[in-house]
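Residue strings, one per chain:
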Amino acid sequence: MRFLHLLPVGKIEARLLEGLRPHLTTAFGMPCRLLPNALDPAFAFQPGRQQYHSTEILDRLRTCVVPDTWRLLGVTAADVCIPILTFVFGEAQRNGACALVSTHRLRQEFYGLPPDSGLLEGRLLKEALHELGHTLDLRHCEDYTCAMAAAHSVEWIDLRAPRFCEHCRARIATKSLEREWVSAR
Ligand SMILES: [Zn+2]
Ligand SMILES: [Zn+2]
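Here is a short report on the structure shown in this document. Everything quoted here is computed from the prediction, not taken from an experiment. Residues take numbers from 1 onward in each chain, read along the sequence in its written order. Chains carry letters and ligands carry numbers; both start at the beginning, A for chains and 1 for ligands, and go up in the order they are written. Per-residue local features of the predicted model are confined to residues with pLDDT of at least 70, and side-chain atom pairs are confined, for both listing and counting, to 80 or more; whole-chain, interface and lining totals are unaffected and use all residues. To get the side-chain values, all heavy atoms of the structure are used, and hydrogens and water are removed first.

1. Observations concerning the overall build of the chain
Phase 1 of the analysis: By definition, any uninterrupted DSSP run of H or I lasting at least four residues is a helix, any uninterrupted run of E lasting at least two residues is a strand, and each is numbered from the N terminus. Per the secondary structure count, the chain includes five helices and eight strands.
Phase 2 of the analysis: C-alpha atoms define the radius of gyration, and 2.2 Å times the number of residues to the power 0.38 defines the globule rule. Relative to the globule expectation of 16 Å for 185 residues, the C-alpha radius of gyration of the chain, 16 Å, shows essentially globular dimensions.
Phase 3 of the analysis: Each principal axis of the C-alpha distribution contributes one length, and for the chain these read about 50 × 35 × 30 Å.
Phase 4 of the analysis: Only protein chains enter the accessibility calculation, which uses a 1.4 Å probe; a residue is then buried when its area is under 20% of its type maximum, exposed when over 50%, and partly exposed in between. Each of the 185 residues in the chain was classed as buried or not, and the buried ones make up 49%.

Rendered as structure tokens:
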């Protein structure tokens, strides 16, 4: 049996990770569990930008993949970026095992607004679906309500539904067949 593993990257509320579990299980048809350890992202800190290099964290996540991992999703509260962009909401290995999502710019507080835990949970789920979709080789979707729609700001995330469109779902189903074939060998 293989699992969709969730790994805290730095300090992050356990309830946020717990909240993702049933939704990710439904979306991908894979049991989902929390890894007991956490990854300290200090090595990826960029003093000049006061942010964390998302690709470096992603590379490190690959070393946290265990034999029964189907996919590994790192969840962080840290502000993450890549050199050419001011920030990213997350990053994934296309057609690989690992993905990372950040809650930093999903929180209303970041925009000077009062905290909204329901909104935060919804945005985090949408981002988790999106980055995990990339690990299944899904590309950006034209349907702006689909979890695979591109988002350059949080408003775009809010336009998405917390699910994949029919077209993207069909692609995930194809990938699931491949998955069974791979694990049956
Ligand atoms: Zn994307
Ligand atoms: Zn789609």
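From this point, the discussion proceeds with the structure in view.
2. A look at the coordination of the zinc ion (ligand 1)
Phase 1 of the analysis: Each metal site lists N, O and S donors within 2.8 Å (3.2 Å for Na, K and Ca). With water left out of the atoms, a site can look as if it is missing ligands. Within the protein, the zinc ion (ligand 1) binds to His130 (NE2), His134 (NE2) and His140 (NE2); these donor distances fall in the range 2.0 to 2.1 Å.
Phase 2 of the analysis: Mapped onto the polypeptide sequence, the residues donating to the zinc ion (ligand 1) form the spacing pattern H-x3-H-x5-H. With His130 in helix α3 (residues 117-135) and His140 in the loop between α3 and α4 (154-159), this residue pair connects regions lying ten residues apart in the sequence.
Phase 3 of the analysis: Of the residues examined, His130 reaches a relative accessible area of 4% and is grouped as buried.

3. Side note on the coordination of the zinc ion (ligand 2)
Phase 1 of the analysis: Here the zinc ion (ligand 2) is held by the protein donor atoms Cys141 (SG), Cys146 (SG), Cys165 (SG) and Cys168 (SG), which lie 2.3 to 2.4 Å from it.
Phase 2 of the analysis: The rule is simple: four donors are tetrahedral if all their angles sit between 85 and 135 degrees, four are square planar and six octahedral if opposite donors span more than 155 degrees and the others lie between 65 and 115, and anything that fits none of that is irregular. Classification of the site at the zinc ion (ligand 2) as tetrahedral follows from its four donor atoms and the range of 106 to 113° in their angles at the metal.
Phase 3 of the analysis: Counting residues between consecutive donors of the zinc ion (ligand 2) along the chain gives the motif C-x4-C-x18-C-x2-C. Placement of the pair is Cys141 in the loop between α3 and α4 and Cys165 in the loop between α4 and α5 (166-184), with a sequence separation of 24 residues.
Phase 4 of the analysis: Residue classification places Cys165 among the buried positions, given a relative accessible area of 13%.

4. Focus on the sheet that holds strand β7 (residues 90-92)
The strands making up a sheet associate through backbone hydrogen bonding, with each pair oriented either parallel or antiparallel.
Phase 1 of the analysis: Two strands qualify as a pair provided DSSP detects at least 2 bridges between them. A sheet is described by the order of its strands in space; here five strands give the open sequence β2-β1-β5-β8-β7, paired in mixed fashion. A single partner strand is all that each edge strand has here, and the edge strands are β2 (32-34) and β7. Averaged over all adjacent pairs, the angle separating strand axes in this sheet is 20°, with direction ignored.
Phase 2 of the analysis: Both strand β1 (residues 3-9) and strand β5 (residues 69-76) contribute to a ladder of seven bridges, which runs parallel. Looking at the pairing, Leu7 lines up with Gly74 of β5.
Phase 3 of the analysis: Here, residues are in contact when the closest pair of their heavy atoms is within 4.5 Å. The axes are straight lines fitted to the C-alpha atoms, using for helices just the contacting stretch, and the angles between their N-to-C directions are given from 0 to 180°. Across the sheet, helix α1 (residues 14-28) is in contact with β1, β2 and β5; its angle to β1 comes to roughly 150°.
Phase 4 of the analysis: Sheet contacts for α3: β1, β5, β7 and β8 (98-102); angle to β8, the most-contacted strand, approximately 155°.

5. Structural notes on the pattern of salt bridges
Phase 1 of the analysis: The term salt bridge refers to a pairing of a side-chain nitrogen on Lys or Arg with a carboxyl oxygen on Asp or Glu at a separation within 4 Å. Evaluation of the coordinates by the stated rule reveals eight salt bridges.
Phase 2 of the analysis: Put simply, Asp79 and Arg105 hold a salt bridge, and the shortest N to O gap is 2.8 Å. Residue Asp79 is located in the loop between β5 and β6 (80-81), and its partner Arg105 is located in the loop between β8 and α3; the two are separated by 26 residues in the primary sequence.
Phase 3 of the analysis: For Asp79, a relative accessible area of 11% translates into the label buried.
Phase 4 of the analysis: The exposure class of Arg105 is buried, given its relative accessible area of 13%.
Phase 5 of the analysis: Across the pair Asp158 and Arg123 runs a salt bridge, and its minimum N-O distance is 2.8 Å. Pair noted here: Asp158 is in helix α4 and Arg123 is in helix α3, with a separation of 35 residues, a long-range link.
Phase 6 of the analysis: A relative accessible area of 33% places Asp158 in the partly exposed class.

6. A short note on the packing of aromatic side chains
Phase 1 of the analysis: The rule is short: rings of Phe, Tyr and Trp, with Trp giving its six-membered ring, pair when the centres are within 6.5 Å, and they are stacked under 30 degrees, edge-to-face over 60, tilted in between. Throughout the structure, instances matching the rule amount to five aromatic pairs.
Phase 2 of the analysis: Relative to Tyr52, the ring of Phe45 has its centre 5.0 Å away and its plane inclined at 55°; by these criteria the two rings are tilted.
Phase 3 of the analysis: Ring geometry for Phe110 and Tyr111: centres 4.9 Å apart, planes at 85°, overall edge-to-face.
Phase 4 of the analysis: According to the relative accessible area criterion, Phe110 is partly exposed, its value standing at 36%.
Phase 5 of the analysis: A relative accessible area of 34% places Tyr111 in the partly exposed class.

Distances and angles like these do not, on their own, reveal function.
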